[in-house]
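# Understanding the architecture of this molecule
The chain contents come next:
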Amino acid sequence: MAILDLSNRKNYVDDATQAQRRAICATCPHIRAAGLQCGVCLCLIRLKTKLKTEECPIGKWAKEL
């Protein structure tokens, strides 16, 4: 995960995009820790899905450019 200013909302996707990403993650067989963590990259799903610079490590969703 890239180091970002997490207090700057311009680094975040909108709520609808985050919800869509989280829905994709929720159906992934790699999800772990009661749906809180990606089993591939070990990132926290709630944060990873909110950041524009992040993408799914197995290509299920892409970063926002």
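How each quantity is defined
- Every residue gets a number counted from 1 within its own chain, in the order that chain's sequence is written.
- Local features are withheld for residues below a pLDDT of 70 in this predicted model, meaning they are given only at 70 or higher, and side-chain atom pairs are given and counted only at 80 or more; totals for whole chains, interfaces and linings count all residues.
- Only hydrogens and water are removed before side-chain values are computed, so all heavy atoms of the structure are retained for them.
- A run of H or I in DSSP becomes a helix once it reaches four residues, and a run of E becomes a strand once it reaches two; helices and strands are each numbered from the N terminus.
- The buried label applies to any residue whose accessible area, calculated with a 1.4 Å probe on protein chains only, is under 20% of its type's maximum; exposed applies above 50%, and partly exposed to all values in between.
- In this description, contact between two residues means that some pair of their heavy atoms is separated by no more than 4.5 Å.
- Values of accessible area rely on a 1.4 Å probe in the Shrake-Rupley scheme; residue burial ignores everything except the protein chains shown.
- For this count, His and the chain ends are skipped, Lys and Arg are scored as positive, and Asp and Glu as negative.
- By convention, the point assigned to a charge is CZ for Arg, NZ for Lys, CD for Glu and CG for Asp.
- Put simply, a salt bridge is a Lys or Arg side-chain nitrogen that is within 4 Å of an Asp or Glu carboxyl oxygen.

### Things to note about the overall build of the protein chain
- Within the protein chain one finds 2 helices and 2 strands.
- When the elements of the protein chain are put in sequence order from the N terminus, they spell out α-β-β-α.
- Judged by the C-alpha coordinates and their principal axes, the protein chain covers about 30 × 20 × 20 Å.
- A buried classification covers 29% of the 65 residues belonging to the protein chain.
- In the protein chain, of all internal contacts separated by at least 6 residues, the share reaching a separation of at least 24 is 53%.
- For the protein chain, the exposed area adds up to about 4,400 Å²; of that, 56% sits on carbon and sulfur atoms.
- With 11 positive and 6 negative side-chain charges, the protein chain shows a separation of 5 Å between the mean positions of the two kinds.

### Regarding unusual backbone geometry
- Of note in this structure, alanine 33 is not a glycine but carries a positive phi near 55°.
- Mapped onto the secondary structure, alanine 33 falls in the loop between β1 (31–32) and β2 (37–38).
- A relative accessible area of 44% places alanine 33 in the partly exposed class.
- Phi at leucine 42 is positive, roughly 70°, even though this residue is not glycine.
- Inspection of the secondary structure puts leucine 42 in the loop between β2 and α2 (45–48).

### Focus: the pattern of salt bridges
- Overall, the coordinates contain 3 salt bridges when judged by the stated rule.
- Across the pair glutamate 54 and lysine 48 runs a salt bridge whose closest N-O atoms are separated by 3.1 Å. Residue glutamate 54 shares its accessibility class with lysine 48, and that shared class is buried.
- Residues glutamate 64 and lysine 52 are paired through a salt bridge, measuring 4.0 Å at the closest nitrogen-oxygen approach.

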